[in-house]
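Summary of structural features
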Amino acid sequence: MRLLLRLHVFVLCLRTALSFCPSQCTCVFHGRSDGTGTRSVLCNDPDMSDIPVNVPVDTIKLRIEKTAVRRIPTEAFYYLVELRYLWITYNSITSVDTGSFYNLKVLHELRLDGNMVSVFPWESLKEMPRLKTLDLHNNRLTTVPTEAIPYLLNITYLDLSSNKLATLPSDLMDIWPPFNGEPVSSNASQKVVLGLQDNPWFCDCKISKLIEISKMADTPVVLMDLFLTCAAPESLAGVLFQRAELDNCVKPSVMTSATKITSPLGSNVLFRCDATGSPTPTLHWIKSDGSAINNTGKSPVSLKQRTLYSVQFLLTLCPCSIPVQESPGEGIRWSIMSLHGIENKEAGNYSCKAKNVAGTAEATISLSVAGTISTTIPPPKPGIASGLGTTVTPPTAVSSLALTTAFPRSSTALSGVQKSPRTTPSSGLRDSLKQTKTQQGGNGRKLAADEKSNKSDASQSFKDLEIVEETADSAVLLWTAGGVQGDAPLTVVYSPYGEDDSKRTVETKAGTGKLLLDGLSPGMRYSVCLVAKVNPAAKDPCIDFYTLDDADSEGQNQLFFIISGIACAVALPLIALLVYKILALYCKGGTTDLDAEELEKDSYVKFETISMKQRTLNSHPSELWARRPTNESERLLLCSRSSIDSQMTYDSSRSEYLC
């Protein structure tokens, strides 16, 4: 009886709690014909200064509008487990605690527009896993941190308009198509609505993806206002996003040293990846199963010291798969990853992913592991014991033979101690050894013949192998393809002498005949070999060379400067003399008229002017011509036989030379 009484009192209290409504709010129950319904609560008293704590627990929709509430405390709604819509709009809220929305597991819509929130607790969104709508319109937000991105994956309506946002994290757009790698679909259920208008946007590479979305005609991301404008920099102020052209903003481009690599089991493999872009992209290596390789592992030397060491030395210090990265210049970055002693499980695809604020790009290298690990131990002579008194059975085809070991009991001299019994091979072992020796003798001649033929094939395949143009960090390899076709694949393997763990491979064609070996260390000895895939059994031709020291390079530069200085010292006076002669000839050309007058004065040839003279009565009546006086030199010239003979006929038929 008492139990029933207590149950009745509990039900009455529950009904009282469900039907109770705060004094400054209005509660409405929307009932249905089947007796069920939903409850909504509206609190819009201007004198309300705190969030009400006695809201009915079955409330589905709570609206707190146009009040004097300034703060949302921790766990303000934790008992409203059925709350789906929470509107706290146009109040005076300036502070929101991290735990303000604790236990709102079924909340679908959160609206905080029209307040004065400058910092929003984005991590509080993890308490609302079913949230689809987040309205922060008309607040005072200045930033959206990168840490907020994981909590926005399920949001389909995000309104950040009318705030003070100047930029957004570049990774924010990567959670939506087309930047997340998913195909663009026209399905309306996958649309994402963004409100970003009325913000002072600084148009640079950080929001390049947002600018790109604004230029797309068909995209799952829908902007409330398509006419977004730039507020800065000054060159783009007032320019629409659709017409904005950004400077120094280029998506990454990735290139690998090879696309397919086949390497023997247990060998070492080097992967190289080069990327360009603006700003300078970062590089990450990813395995075929999607797991990221330890890109953040500590290098054995600091970043400042890396420039002092070669790549081979770095990989020697760290025999692991931690990539080594460097940026030799603005907009360029390379990465090298080394796999030591590869196993079959490491075969697959390795992707090099480049990323900057403008976008991402990746390239894939396929690794194949071939062969098995085999260790060959040269057989010792029978009857020779090891250092511990062990008689070693040479490896033969008979695997069932056991080894018998006899260890000395002490380290004293043998003269005072009885000798330990030595074990000798049995008769069956002797027969097997003889058979093995016979087989080895027969196969030895065959292997020698094969090796000789392989050497001859290798010598016929490639000739004139030499290294030219050595510098401190590079060299040029030359060869001549003999019996190999020009388009046959050829692998060039080079490494520091004696360091097989630091081998690097370059794929090329046999007919190229030339290859640049770069990335070398100064003053080191290197070995380079040509591996022809057409004849894997042949011995690979190899050659050793040395790179120049930095001191040698400096000496060559000094010698070049000295020779250049001497050449300039000799050439400059000759050039000056030539210029002087040209100027002298030019100045002399102005006196041509004066020289002509002088020549005319100095002329030694003058011809007489013969003129008619009137006939007069004188002592010489026959004189008809008058002559102008001439000097003696002129008279001799006119009288010479080489001159023109002037003859005239007068009365009688005699001739007279006018001399």
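See the structure above.
The model shown is predicted, which means the values in this text are computed figures rather than measured ones.

**Remarks on the overall build of the chain**
Within the chain, the secondary structure is distributed over 8 helices and 32 strands. Out of the 659 residues belonging to the chain, those deemed buried represent 32%. When contacts within the chain are restricted to residue pairs at least 6 apart in sequence, long-range pairs at least 24 apart make up 57% of them. Carbon and sulfur atoms make up 56% of the accessible area of the chain, which totals about 41100 Å².

**Points about the layout of surface pockets**
Left-over empty space is what a probe sized like a water molecule reveals as it rolls over the atoms. Here the largest pocket is characterised by a volume of approximately 980 Å³. Thr 262, Pro 264, Thr 491, Val 493 and Thr 505 are, among the 35 residues lining the largest pocket, the residues nearest its centre. Counting residues per element, the ones that place at least two in the lining of the largest pocket are strand 15 (260-264), strand 16 (269-278), strand 21 (359-370), strand 24 (489-496), strand 25 (504-509) and strand 27 (525-532). The dominant element in the lining of the largest pocket, judged by the number of residues it contributes, is strand 24, at 6 residues. In terms of residue class, the lining of the largest pocket is made up of 15 nonpolar, 12 polar and 8 charged.

**A word on a nonpolar patch on the surface**
A cluster of nonpolar residues, Ile 562, Ile 566, Val 570 and Leu 574, forms a patch on the protein surface that exposes about 410 Å² of accessible area. Structurally, the position occupied by Ile 562 is in helix 6 (residues 550-588).

**Notes on the sheet that holds strand 19 (residues 332-339)**
Spatially, the 4 strands line up as an open sheet ordered 14-16-19-18, and their pairing is antiparallel. A strand with exactly one partner marks an edge of an open sheet, and here the two such strands are strand 14 (250-256) and strand 18 (324-329). Each adjacent strand pair in this sheet contributes to an overall mean axis angle of 20°, direction not counted. Note: strand 14 against strand 16, 5 bridges, orientation antiparallel.

**Structural notes on the state of the cysteines**
According to the stated counting rule, one finds 6 disulfides in the structure shown. Bridging Cys 25 to Cys 43, the disulfide has an S-S length of 1.8 Å. Across the S-S bond linking Cys 25 and Cys 43, the dihedral sits near 105°, which makes this disulfide right-handed. Residue Cys 25 is located in strand 1 (residues 25-31), and its partner Cys 43 is located in strand 2 (residues 37-43); the two are separated by 18 residues in the primary sequence. The residues Cys 25 and Cys 43 share a single accessibility class, namely buried.

**Some words on the side chain of Asn 356**
With respect to the helices and strands, Asn 356 occurs in strand 20 (residues 348-356). Within polar-contact distance, the side chain of Asn 356 engages the backbone oxygen of Val 250 at 3.1 Å. Here Pro 279 takes part through its backbone oxygen, which lies 3.0 Å from a polar atom of the side chain of Asn 356. If we skip the residues at most four places from it in the chain, Asn 356 touches Val 250, Lys 251, Pro 252, Gly 277, Ser 278, Pro 279 and Pro 281.

**Comments concerning the sheet that holds strand 2**
Taken together, the 9 strands give an open sheet; going across it, the order is 1-2-3-5-7-8-9-10-12, and neighbouring strands pair in mixed fashion. Edge positions in the open sheet fall to strand 1 and strand 12 (221-223), since each of these has one partner strand only. Taken over all neighbouring pairs, the strand axes of this sheet differ in orientation by 10° on average, direction set aside. Two strands pair when backbone bridges link them, and strand 8 (residues 133-135) and strand 9 (residues 157-159) are joined in this way by 3 bridges, in the parallel orientation. Across the sheet, Leu 134 pairs through a bridge with Leu 158, a residue of strand 9.

**Observations concerning the nonpolar core**
The nonpolar side chains of a soluble globular protein tend to be buried with one another. One finds Phe 77, Leu 86, Phe 101, Trp 122 and Leu 134 to be the most contacted residues of the largest nonpolar core, which totals 63 residues. Mapped by element, the contributors of at least two residues to this core are strand 2, strand 3 (59-65), strand 5 (85-89), strand 10 (192-195), helix 2 (208-214) and strand 12. The dominant element in this core, judged by the number of residues it contributes, is helix 2, at 3 residues. Ignoring anything within four residues of it in the chain, the contact list for Phe 77 reads Ile 51, Leu 62, Ile 72, Leu 86, Ile 88, Ser 100, Phe 101, Tyr 102 and Leu 104. Counting 21 residues, the second largest nonpolar core, distinct from the first, contains Ile 293, Ala 354, Ala 363 and Ile 365.

**Description of the packing of aromatic side chains**
Taken as a whole and assessed by the stated rule, the structure comprises 6 aromatic pairs. Look at Tyr 78 and Tyr 79: their rings are 5.7 Å apart centre to centre, the planes differ by 85°, and that puts the pair in the edge-to-face class. On the basis of relative accessible area, Tyr 78 is assigned to the partly exposed category, the value being 42%. Ring centres of Phe 560 and Phe 561 lie 6.0 Å apart, and the angle between their planes is 55°; on these two criteria the pair is classed as tilted. Here Phe 560 and Phe 561 have matching classes, each one exposed. What links up through ring pairs into an aromatic cluster is the set Phe 271, Trp 285 and Tyr 350. Just above the ring of Trp 87 sits the side chain of Lys 61; from NZ or CZ to the centre is 4.1 Å.

**Examining the pattern of salt bridges**
Under the counting rule described, the total for this entry stands at 12 salt bridges. Between Asp 58 and Arg 39 there is a salt bridge, with the nearest N and O atoms lying 2.9 Å from each other. Pair noted here: Asp 58 is in the loop between strand 2 and strand 3 and Arg 39 is in strand 2, with a separation of 19 residues, a long-range link. The exposure classification of Asp 58 matches that of Arg 39, with both residues buried. For the salt bridge of Lys 355 with Asp 171, the shortest nitrogen-to-oxygen distance reads 3.0 Å. Placement of Lys 355 in strand 20 and of Asp 171 in the loop between strand 9 and strand 10 is noted, with a sequence separation of 184 residues between them. Exposure remark for Lys 355: the relative accessible area of 27% places this residue in the partly exposed category. Taking relative accessible area as the criterion, Asp 171 reaches 24% and is therefore assigned partly exposed.

Reading the values: rules and limits
Residues numbered from 1 in each chain as written. Predicted model: local features only at pLDDT ≥ 70, side-chain atom pairs only at ≥ 80, totals over all residues. Heavy atoms only, no water. Helix = DSSP H or I, 4+ residues; strand = E, 2+ residues; numbered from the N terminus. Buried < 20%, exposed > 50% of the residue type's maximum accessible area, 1.4 Å probe, protein only. Contact = heavy atoms within 4.5 Å. Areas by Shrake-Rupley, 256 points an atom, 1.4 Å probe, with all protein chains shown as cover. 1 Å grid on protein atoms, 1.4 Å probe; cavity = no way out; pocket = protein on both sides within 12 Å on 5 of 7 lines; lining within 4 Å. Points joined across faces, edges and corners; volume = space filled by probe spheres on them. Nonpolar A, V, L, I, M, F, W, Y, C, P; charged D, E, K, R; others polar. Patch = residues over 30% accessible without salt bridge, like charges linked within 9 Å, V, L, I, M, F, W, Y side chains within 5 Å. Salt bridge = Lys/Arg side-chain N within 4 Å of Asp/Glu carboxyl O. Pairing = 2+ DSSP bridges. Axes fitted to C-alpha atoms, helices over the stretch in contact; angles between N-to-C directions. Disulfide = S-S within 2.5 Å. Polar contact = N/O pair within 3.5 Å; in protein donor to acceptor, adjacent residues only side chain to side chain. Core = buried A, V, L, I, M, F, W, Y, C linked by side-chain atoms within 4.5 Å. Phe/Tyr/Trp six-rings, centres within 6.5 Å; stacked < 30°, edge-to-face > 60°. Lys NZ or Arg CZ within 6 Å of the ring centre and 35° of its normal.

Just distances and angles here, no functional claims.
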